[in-house]
Amino acid sequence: MFSRRGFLGSAALAGASVVSGRAQAASIPEAPHMDKVVMQPPLHPVSGPDYRPVVTLNGWSLPFRMNGDWKEFHLVAEPVVREFAEGMKVNLWGYNGQSPGPTIEAVEGDKVRIFVTNRLPEYTTVHWHGMIIPSGMDGVGGLTQPHIQPGKTFVYEFEMRKSGTFMYHPHSDEMVQMAMGMMGMVVVHPRDPSFRAVDRDFVFVMSTYRVDPGTYLPKVNEMTDFNMWTWNARVFPGIDPLPVRLGDKVRVRIGNLSMTNHPIHLHGHSFAVTCTDGGWIPESAQYPETTTDVPVGAVRVFDVLADNPGDWAFHCHKSHHTMNAMGHDMRNMIGVSRKDLAKAVGKLAPDGMAMGSTGMAMGNMEMPAPDNTLPMMTGTGQFGPIEMGGMFTVMKIREGLARDDYRDPGPYQFPQGTVAYEVTPPAPEPVRQQPGGPPMKNMKM
Ligand SMILES: [Cu+2]
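The model shown is predicted, which means the values in this text are computed figures rather than measured ones.

## Thoughts on the nonpolar core
- Of all hydrophobic cores here, the largest spans 88 residues; its most connected members are Phe84, Met167, Val186, Phe202, Met228, Val235 and Met395.
- The residues contacting phenylalanine 202, other than those within four sequence positions of it, are Val54, Val55, Leu57, Leu242, Val252 and Arg253.

Set out below in structure tokens:
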């Protein structure tokens, strides 16, 4: 857990007189640190304008301190160990103990001062993606500022001119640093708390990695062939569920700092995209969807009324993005006789294994895997194997959750008679045409 000492409501600092920037920047605030990989409770503001805080999947919001009328944050860029799911830890670079870094929350009109300390072995910067700020605060190494050398601290100062959802990441050896997990989200709340208010507000950023089975470090030169598809550097079954009270208005803010697009799909509801990293979409321009594509380098925010109780899958719709690392250089054997194949393969490779002639469902079959490697398809629900990985989790909509209760409510108790069921006796065999046979009777050709 982070230390709150010196943050949020510190009387000495909150009462300090107005400061004029550079002079006060010499007093660097403490840098909170996170050692947990599960969603931390929302960080309610104790000073300044009120807002309904977000929760970050498998993450947290960065505490701040008030210094006069400046809101001060401290990011520390550093090597971290991130658990993708139980059984797999990866050496990444991140901020304040985790990758991605903490979510930065502020309010429209806030003056923020963000200290960035570099504890990486190479230089870095922080770019504030989507935010309307002075050019010299934009964080593009070489273009708008000198790079932040190892051991040095820089300060970014700007006003949060508009509300919305934004991202931060380095603009300095960018390919390596983003492939190593350096990124985070920024949420700027509207000054008027009633503007498009919701009851629950989730945020996460999507990133992808190439971590070969049995290894602990992403390949930073990979450009297309990634094998770990993550939400906040977690994969199913390690991604937090989204617990929601029946009837809540829910907002989900999704950033994409991976190298490909992700069509994000929610079951059981329709939603509308209400905001991008460019700003709020007018109501007259919104339309209903169940899947929305989140392009590379963009944010999509959707609002949904959670009026349908249950356990609702929430995932990327590219099926290879809901899997963990695999050797995917294999042929499609569906329809091939396993017996004949086994005989043929056995002659060539006595230890070979012919599999998958009826599909790839694995049930409870355990394949041997190297250390630090997750099963390709995994997870168990109340009815059996779920066989997913990667970008998959569950929105759990329940009656009667308390307002700020984000604990996992467990599996849904389906009302009697509402679950798909097997029939006995079996339905009669459908009439089928034999391949190459004569047309069936009564069939117009
Ligand atoms: Cu995807």
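## Concerning the environment of serine 27
- With respect to the secondary-structure elements, serine 27 resides in the loop between helix H1 (11-14) and strand S1 (55-56).
- Between the C-alpha atoms of serine 27 and asparagine 67, which are 40 residues apart in sequence, the distance is 9.9 Å.

## Here's the deal with the sheet that holds strand S9 (residues 164-169)
- A sheet is described by the order of its strands in space; here four strands give the open sequence S5-S10-S9-S7, paired in mixed fashion. If you trace the sheet from one side to the other, it starts and ends with strand S5 (104-107) and strand S7 (127-129), each paired once. Taking the axes of each pair of neighbouring strands and ignoring which way they run, one obtains an average angle of 25 degrees across the sheet.
- Here five bridges tie S9 to strand S10 (residues 184-189), and the two strands are oriented antiparallel to one another. Its bridge partner being in S10, glycine 164 is matched across the sheet by valine 188.

## Quick look at the sheet that holds strand S24 (residues 392-398)
- Taken in spatial order, the five strands make up an open sheet running S13-S24-S21-S15-S19, and their pairing is mixed. Either end of the sheet is taken by a strand with one partner, and the two such strands are strand S13 (242-245) and strand S19 (291-294). Strand after strand, the sheet turns through a mean of 20 degrees between neighbouring axes, direction not considered.
- Judged from the three bridges that link them, strand S15 (residues 262-266) and strand S21 (residues 310-316) form a sheet pairing that is antiparallel.

About the criteria used
Residues numbered from 1 in each chain as written. Predicted model: local features only at pLDDT ≥ 70, side-chain atom pairs only at ≥ 80, totals over all residues. Core = buried A, V, L, I, M, F, W, Y, C linked by C-beta atoms within 7 Å. Buried ≥ 20, exposed ≤ 12 C-beta atoms within 10 Å, placed from the backbone. Contact = placed C-beta atoms within 7 Å. Helix = DSSP H or I, 4+ residues; strand = E, 2+ residues; numbered from the N terminus. Pairing = 2+ DSSP bridges. Axes fitted to C-alpha atoms, helices over the stretch in contact; angles between N-to-C directions.

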